[in-house]
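So the chains spell out like this:
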Amino acid sequence: MSDHHDHELPCRGGSGKYNVLFVDDEELVLKSLERAFRREDFNLLTASSGTLALEILKKKEIQVLVTDYRMPEMDGIELAEKVAEINPDIIRIILSGYSEASTIIEAINRGSIYKFLTKPWHSETLKMNIKLAIERYEMSCENTKLNEQLLSLNDELQAMNSSLEDKVEERTIELREVRDGLKDTISATISMLSHIMDVHNIDLSGHGQRVSLHCRKLGKALHLPEEEYEQLERAAMLHDIGKIFISQKTLSKLPEQYDELDQRYMTLHTLEGYHILNRIPGFEHVALIVRHHHENYDGTGYPDGLSRKQIPLGARIIMVSDSYERYRYSLHLSREEICNRMRAEAGVYLDPELTELFLSEIIPKLGELDDKIQIPLISAIPGLKLTAPIIDSNGTEICKSYTVLDRNIISDMLSNNALDMTETMITIESPEIINNTKVMNYYI
């Protein structure tokens, strides 16, 4: 049995291909992998142990690691965790039998592993999953670049706030140059900023789209001019963009859990959003709406304490739509409870005329509210009750409606090659109390 097989093919950056490292202590398995993947559009490297794999990582740039679970000295999970410490961007896949499923699923939940595939593996299935892993690697690299750009922009904004007038002017010129580079299309700008919010915190994912949907319905009911309608739509999509400067720790708290510093950061997010958007050509009025979307109708809001008609119409519309979004998707209230709470807020937090229009014309057209929600299969926990059957990619019913999930059922589903644990969505009853934070994040 040889120590390892390094084909010395060009690494990414030479031919532009990716490097995939296979690790298995059985020589025949490695030979089989070499034959199966010799014509693929990536460089194949192999190692017969975890130790040798780590040595290769010191010399080669690896994008995807595929390793057997059961190996002497160092098993696949231990290797994957060591690789994650060296380079967390490497996509890590485990090949294993059914018997180790629960152990590997635990490692997946810890973030050590991207996916596990059962043995014996099928060449086409493995090829498809490696291609998906490479796509995930590319997305991760793209997200890293966006985060670096975001951090750079944040540094510049902080410098502007603390600099003298001439320093502010200097930074403004630099930001104007950045702004000029974002002038391709307004839709591309919105897409990029929405993606940044999604990457920063999963709780922000989809929130802007849902608020924008209700704002559009309210805007149509008000017969807003086209330009004003478009500005409202953009502002609703990006109204929480300022939260990208708030830490994950603060964003994960409920409002009643905020300390003084958390509260300060939260009240600043409207200004941070205003500063970002006001520097994008054509977004000046959008930025103004975002700045004032937490101004209360009675003047007790922030950041400027505006009241009644002083508050831009778009900001008042967002307040109404955001209120509905909070009660429906965060608190999962019934239609009757939502209407009662929003009527109680009318004239205090919400514009009473807009609130009544929303309750009388928009909510009745939204369809029946129910207590059913969807989560990814990988986020399933024992005790959840299905409200729809689970069908695999072959059209086979895996689980019937009204099944209460237990550990064995979840383990069997996660081991099923016809179910993608991250892409397969399951429909469940909305529990009143959810202790699993990862699942809770998907509910909000």
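The model shown is predicted, which means the values in this text are computed figures rather than measured ones.

Trainee: Any chance you could explain the packing of helix α13 (residues 313-330) against helix α15 (residues 352-362) here in plain terms?
Mentor: Packed helices, taken two at a time, are described by the angle their axes make and the gap between the axes. At a minimum axis separation of 10 Å, α13 and α15 run at an interaxial angle of 45 degrees. Classified by the interaxial angle, the pair formed by α13 and α15 is oblique. Every pair of crossing elements has a handedness; the one defined by α13 and α15 is right-handed. Across the interface between the two elements, Leu313, Arg316, Ile317, Val320, Ser321 and Tyr324 of α13 pack against Leu354, Thr355 and Phe358 of α15. Partitioning the contact of α13 with α15 into residue classes produces six nonpolar, two polar and one charged.

Trainee: Honestly, the packing of aromatic side chains in this entry has me stumped. Any pointers?
Mentor: One pair of aromatic rings is described through two measures. These are the centre distance and the angle between the planes. Following the criterion strictly, the structure yields four aromatic pairs and no others. Considering the side-chain rings of Phe37 and Phe42, the 6.0 Å spacing of their centres and the 40 degrees angle between planes classify their relative orientation as tilted. Accessibility classification places Phe37 together with Phe42 in one group, the buried group. In this structure an aromatic cluster arises from ring pairing among Phe22, Phe37 and Phe42. One Lys or Arg, Arg291, reaches over the ring of Tyr274 and ends 4.9 Å from the middle of that ring. The positively charged end of Arg326 is found above the aromatic ring belonging to Tyr327, 4.7 Å away from the centroid.

Trainee: Whenever I open this one, the nonpolar core confuses me. Can you help?
Mentor: Most often, soluble globular proteins have nonpolar side chains that are buried together. Formed by 47 residues in total, the largest nonpolar core has its most connected members in Leu238, Leu277, Ile318, Met342 and Phe358. Once residues within four sequence positions are removed from consideration, Phe358 is found in contact with His214, Leu218, Val320, Ser321, Tyr324, Met342, Ile363 and Pro364. By size, the runner-up hydrophobic cluster in this structure holds 23 residues, among which are Val20, Phe22, Phe42 and Val66.

Trainee: It is not clear to me how a positive patch on the surface should be interpreted in this structure. Could you clarify?
Mentor: Taken together, the side chains of Lys31, Arg35, Arg38 and Arg39 present a region of like positive charge at the surface. On the secondary structure map, Arg39 appears in the loop between α1 (27-37) and β3 (42-47).

Trainee: Teacher, can you tell me more about a nonpolar patch on the surface here?
Mentor: Among the surface-exposed residues, Leu261, Tyr265 and Leu268 lie close enough to one another that they form a single nonpolar patch of about 260 Å² accessible area. Within the secondary structure layout, Leu268 lies in helix α11 (residues 260-277).

Trainee: Help me out: how do you make sense of the pairing of strand β4 (residues 64-68) in this one?
Mentor: Consecutive side chains along a regular strand alternate between the two faces of the sheet. Most of β4 sits inside the fold, with five of its five residues counted as buried. Neither face of β4 is left uncovered, since the one carrying Val64, Val66 and Asp68 and the one carrying Leu65 and Thr67 both have all their residues buried. Two elements, strand β2 (residues 18-23) and β4, share four bridges in a ladder whose sense is parallel. Paired with Val20 across the two strands is Val64, which belongs to β4. Here β4 pairs with strand β5 (residues 91-96) via five bridges, running parallel. Note that in β5 the partner of Val64 across the bridge is Ile91. At this point the chain moves from β4, through helix α3 (residues 76-86), to the parallel β5, and the crossover so formed is right-handed.

Trainee: Looking at this model, I keep getting lost on the pattern of salt bridges. Mind explaining?
Mentor: Think of it this way: side chains of opposite charge can pair up when their charged atoms draw near. What the rule picks out here adds up to twelve salt bridges. Residue Lys400 pairs with Glu397 through a salt bridge whose shortest N-O separation is 3.0 Å. Take Lys400: its relative accessible area is 55%, and that puts it in the exposed class. When salt bridges that share partners are traced, they join Glu40, Glu124 and Lys127 into one network.

About the cut-offs
- Residues numbered from 1 in each chain as written.
- Predicted model: local features only at pLDDT ≥ 70, side-chain atom pairs only at ≥ 80, totals over all residues.
- Heavy atoms only, no water.
- Axes fitted to C-alpha atoms, helices over the stretch in contact; angles between N-to-C directions.
- Helix = DSSP H or I, 4+ residues; strand = E, 2+ residues; numbered from the N terminus.
- Parallel < 35°, antiparallel > 145°, perpendicular 65-115°, else oblique.
- Left-handed = near helix turned anticlockwise from the far one by under 90°.
- Contact = heavy atoms within 4.5 Å.
- Nonpolar A, V, L, I, M, F, W, Y, C, P; charged D, E, K, R; others polar.
- Phe/Tyr/Trp six-rings, centres within 6.5 Å; stacked < 30°, edge-to-face > 60°.
- Buried < 20%, exposed > 50% of the residue type's maximum accessible area, 1.4 Å probe, protein only.
- Lys NZ or Arg CZ within 6 Å of the ring centre and 35° of its normal.
- Core = buried A, V, L, I, M, F, W, Y, C linked by side-chain atoms within 4.5 Å.
- Patch = residues over 30% accessible without salt bridge, like charges linked within 9 Å, V, L, I, M, F, W, Y side chains within 5 Å.
- Areas by Shrake-Rupley, 256 points an atom, 1.4 Å probe, with all protein chains shown as cover.
- Salt bridge = Lys/Arg side-chain N within 4 Å of Asp/Glu carboxyl O.
- Lys, Arg positive; Asp, Glu negative; His and termini not counted.
- Charge placed at Lys NZ, Arg CZ, Asp CG, Glu CD.
- Pairing = 2+ DSSP bridges.
- Right-handed = clockwise from strand over helix to strand, strands pointing away.

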